[in-house]
Amino acid sequence: MVSQIRQLLDHIIDAVGKLESSCNSTGTAIPDLHAPFFPQSEAFRASPAAAESANIISAAALQLAAILTPPHVSLYHAVGGHFKSAALRACLESSVTEILREAGPEGLHVDAIATKNGQDPRKLARFLRYLATNHIYREITPNVFTNTRISSMMDTLKPSQDVIDHPETKHDNTPGLAALASHHLDEAFKASAYAWETLSDPDTAKSGDPTASPFARAFNAKETLWDLHARDEQRSRRFNIGMRGIQALQPVDAILGAYEWSKLPAGSVIVDVGGGIGSESLTLARKFPSFDIVVQDLTSVIADAKEFWKENLPNAKVTLEGKHGSDDLRHQILHDWSDEYCVKFLAQLRAVARRDTKLLLIESLIPFACRDPSDGAGALDIPGSVPHEAPEPLLANYGAVNEMGYNADIDMFLLFNSQERTIRHINELLLGTGWKVTKVYRQDGDSTYLQSIEAVPVDVKL
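Keep in mind the model is a prediction, meaning the values are calculated, not measured.

(A) Representation of the overall build of the protein in the model. In terms of helices and strands, the protein carries 18 helices and ten strands. Taking 462 residues into account, the globule formula puts the C-alpha radius of gyration at 23 Å, and the protein, at 24 Å, falls close to it. A buried classification covers 45% of the 462 residues belonging to the protein. The long-range share in the protein, meaning contacts at least 24 apart out of those at least 6 apart in sequence, stands at 69%. Of the roughly 23600 Å² of accessible surface on the protein, a fraction of 57% belongs to carbon and sulfur atoms. Positive and negative charge centroids in the protein, built from 44 and 59 side chains respectively, lie 1 Å apart.

So this is what it looks like as structure tokens:
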């Protein structure tokens, strides 16, 4: 019988061959770990075959490490996660990545880094060496460090002296990923320290109240993240920039593949609930100018939305106020709320829905770590409900290669006492509030990011 490590090695060898062949045919290159990130270095992933091969290689390598690394070391990769976070935050907030970018590939001695950012060189060297052990930064010679492909993701692309002198505007006009990381290493990191205290307290253990979150306990206030941001302008601005960074990680026209929009008749009303300034709806309006678009959000957000639409598509058929129509688009709304709140607004939507209403939820569906039956006993029998799964003996969800969705799930718990959900969980929520899931729309490579769930009104069985 072939051992599991041999099976995994065979997957790696086969996938490497396919990846190299794809790169040769498309004229793209496999990224260099020691070179800074730049968008073109990800061009190879535009080929679905190359992207799948890269995922298999990574998942198999991680599973080999889980088998062969001493278990106590593997355990402490997780236990010591907060050590890595502490080191990352120290380097991110003190602008190490920007300093090293300016130093070039030869790197810079930690004493010179510390002279620029005012940190203690001995402490900074320890953080950098720990991160370099995980390929975040590289130690070229003793105490001389440079960026890697991974560390360069934290680069604001601004002059180091500017961000050191003006930390309050560090993330303004940047790609946004550094801002997102800074947010997670601040609010979410602090909240994570109080997860167990929240779960073990009878008053909060089973509560769905957003003010009963680990975040509220960490900040010693019965409030939500939004309450904090309402009075902390710098954190709020950083968060908003970070959200734009998330949007930049997906294709600008991703919404067009989220549903069979072309099958809707001219004049269809699309209500984008919680749609922000309407950036997704703008893409729809450009492609389908006959649609009547309604964008709903907070009054303060709608004020910005008016300027956004005036600047980008002034003649669009768009209404920036509350209204329900025949097609209701909800973009990542459920994940902000626990079940008890989701039930309330899904029931309200059902109460005003017409028979021809279609509800489209755009959410991050969390795959199971096991195989999800697509037929037979236990199957949901919903088209698209089962994501593309990795070949045996890999974990069905590709393991930590697809960890971002699970990160978001825990983040939602820490900050809002809410969650991302599996398709089975969402199906139960919708059935209980008078909606039936008819189809899940998936796009290439979106196994843990954003999927679209189509639902239609049904009678609730009491």
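(B) Inspection of the packing of helix α5 (residues 96-103) against helix α6 (residues 110-117) at higher detail. Running from N to C, α5 and α6 point in directions that differ by 120°, and their axes come no closer than 10 Å. Relative to α6, α5 is oriented oblique. The chirality of how α5 crosses α6 is right-handed. Contact residues: Val96, Ile99 and Leu100 in α5; Ile113, Lys116 and Asn117 in α6. Here the residues of the contact of α5 with α6 sort into four nonpolar, one polar and one charged.

(C) Molecular detail of the packing of aromatic side chains. Applying the stated criterion across every chain yields a total of eight aromatic pairs. One residue, Lys344, lies across the ring of Tyr341, its end atom 5.0 Å from the ring centre.

(D) Expanded view of the environment of Gly245. If you trace the backbone, Gly245 turns up in helix α13 (residues 233-248). Along the backbone, Gly245 and Ala181 are 64 residues apart, and their C-alpha atoms lie at a distance of 10.0 Å. If we ignore the near neighbours within four places in the chain, the residues touching Gly245 are Pro175, Gly176 and Leu177.

(E) Summary view of the pattern of salt bridges. Counted under the stated rule, the structure contains 26 salt bridges. Glu42 serves as the salt-bridge partner of Arg45, at 2.5 Å between the closest nitrogen and oxygen. Look at Arg45 and you get partly exposed, because its relative accessible area is 36%. Between Glu223 and Arg231 there is a salt bridge, and its shortest N-O distance comes to 2.8 Å. Three or more residues joined by partner-sharing salt bridges are found here, namely Arg89, Asp186, Glu187, Lys190, Asp232, Arg235 and Arg238.

(F) Layout of the sheet that holds strand β3 (residues 144-146). A sheet is described by the order of its strands in space; here three strands give the open sequence β1-β3-β2, paired in antiparallel fashion. Edge strands, defined here as strands with exactly one partner in the open sheet, are β1 (108-109) and β2 (138-141).

(G) Representation of the side chain of Thr422 in the model. Residue placement: Thr422 occurs in the loop between α17 (404-416) and α18 (423-432). Under the relative-accessibility criterion, Thr422 is labelled buried at 18%. If we skip the residues at most four places from it in the chain, Thr422 touches Leu365, Ile366 and Phe368.

(H) Here's a closer look at the pairing of strand β5 (residues 292-296). The element β5 is extensively covered by neighbouring structure, given that four of its five residues are classed as buried. One ladder, built from five bridges, connects strand β4 (residues 269-273) with β5; its direction is parallel. When the sheet's bridge partners are listed, Val273 is paired in β5 with Gln296. In this fold, β4 hands off to helix α14 (residues 279-287), which returns the chain to β5; that crossover is right-handed. Note: β5 against strand β6 (residues 318-319), two bridges, orientation parallel. Bridge pairing in β6 places Ile293 opposite Val318. A crossover links β5 with its parallel partner β6, the connecting element being helix α15 (residues 299-312), and its sense is right-handed.

Criteria and cut-off values
- Residues numbered from 1 in each chain as written.
- Predicted model: local features only at pLDDT ≥ 70, side-chain atom pairs only at ≥ 80, totals over all residues.
- Heavy atoms only, no water.
- Helix = DSSP H or I, 4+ residues; strand = E, 2+ residues; numbered from the N terminus.
- Rg over C-alpha atoms; globule rule 2.2 N^0.38 Å.
- Buried < 20%, exposed > 50% of the residue type's maximum accessible area, 1.4 Å probe, protein only.
- Contact = heavy atoms within 4.5 Å.
- Areas by Shrake-Rupley, 256 points an atom, 1.4 Å probe, with all protein chains shown as cover.
- Lys, Arg positive; Asp, Glu negative; His and termini not counted.
- Charge placed at Lys NZ, Arg CZ, Asp CG, Glu CD.
- Axes fitted to C-alpha atoms, helices over the stretch in contact; angles between N-to-C directions.
- Parallel < 35°, antiparallel > 145°, perpendicular 65-115°, else oblique.
- Left-handed = near helix turned anticlockwise from the far one by under 90°.
- Nonpolar A, V, L, I, M, F, W, Y, C, P; charged D, E, K, R; others polar.
- Phe/Tyr/Trp six-rings, centres within 6.5 Å; stacked < 30°, edge-to-face > 60°.
- Lys NZ or Arg CZ within 6 Å of the ring centre and 35° of its normal.
- Salt bridge = Lys/Arg side-chain N within 4 Å of Asp/Glu carboxyl O.
- Pairing = 2+ DSSP bridges.
- Right-handed = clockwise from strand over helix to strand, strands pointing away.

What is shown is where atoms sit, not what they do.
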